[in-house]
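Architecture at a glance
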Amino acid sequence: MGNLDSIDSLMELNPQAAYDSLCNSKEQMTANNPKEISMRYRLLMAKAQNKL
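Residues numbered from 1 in each chain as written. Predicted model: local features only at pLDDT ≥ 70, side-chain atom pairs only at ≥ 80, totals over all residues. Heavy atoms only, no water.

**A short note on the overall build of the chain**
The helix and strand tally for the chain stands at four helices and zero strands. Ordered by position from the N terminus, the helices and strands of the chain form the series α-α-α-α. For the chain, the C-alpha radius of gyration of 10 Å lies close to 10 Å, the compact-globule estimate for 52 residues. Referenced to the eigenvectors of the C-alpha coordinate spread, the extents of the chain come out at roughly 30 × 20 × 15 Å. (Helix = DSSP H or I, 4+ residues; strand = E, 2+ residues; numbered from the N terminus. Rg over C-alpha atoms; globule rule 2.2 N^0.38 Å.)

**So, the nonpolar core**
Listed in full, the eleven residues of the largest apolar core are Leu-4, Ile-7, Met-11, Ala-18, Leu-22, Met-29, Ile-37, Tyr-41, Leu-44, Met-45 and Ala-48. Elements with a contribution of two residues or more to this core: α1 (2-13), α2 (15-24) and α4 (35-51). When residues in this core are grouped by element, the largest group, five residues, is from α4. Not counting the four nearest positions on each side in its chain, Met-45 is found in contact with Tyr-19, Leu-22 and Cys-23. (Core = buried A, V, L, I, M, F, W, Y, C linked by side-chain atoms within 4.5 Å. Buried < 20%, exposed > 50% of the residue type's maximum accessible area, 1.4 Å probe, protein only. Contact = heavy atoms within 4.5 Å.)

**Examining the packing of α1 against α4**
Packed helix pairs are characterised by how far apart their axes lie and by the angle those axes make with each other. Direction vectors running N to C along α1 and α4 enclose 15°, while the axes themselves pass 11 Å from each other. Viewed along their axes, α1 and α4 adopt a mutual orientation that is roughly parallel. Crossing hand, α1 versus α4: left-handed. Across the interface between the two elements, Leu-4, Asp-5, Asp-8, Met-11 and Glu-12 of α1 pack against Ile-37, Arg-40, Tyr-41, Leu-44, Lys-47, Ala-48 and Lys-51 of α4. Across the contact of α1 with α4, the residue classes tally to six nonpolar, no polar and six charged. (Axes fitted to C-alpha atoms, helices over the stretch in contact; angles between N-to-C directions. Parallel < 35°, antiparallel > 145°, perpendicular 65-115°, else oblique. Left-handed = near helix turned anticlockwise from the far one by under 90°. Nonpolar A, V, L, I, M, F, W, Y, C, P; charged D, E, K, R; others polar.)

**Overview of the pattern of salt bridges**
According to the stated counting rule, one finds five salt bridges in the structure shown. The closest approach of N and O atoms between Asp-8 and Arg-40, which form a salt bridge, is 3.5 Å. Linking Asp-8 in helix α1 with Arg-40 in helix α4, this pair joins segments that are 32 residues apart in sequence. Under the relative-accessibility criterion, Asp-8 is labelled partly exposed at 24%. Connected through salt bridges with shared partners, the residues Asp-5, Asp-8, Glu-12, Arg-40, Lys-47 and Lys-51 form a single ionic network. (Salt bridge = Lys/Arg side-chain N within 4 Å of Asp/Glu carboxyl O.)

What follows is the structure in structure tokens.
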């Protein structure tokens, strides 16, 4: 969850870097994780795509 927190913080300063980080960690965040982490990942991905 800490990785998602840092990506969320990066979102305001550099949305492209946050998006790239999310893309790089997609497999890790969606496979074998609790639903709350998967949903948070999806929320951050939507937020990043909206800012680009």
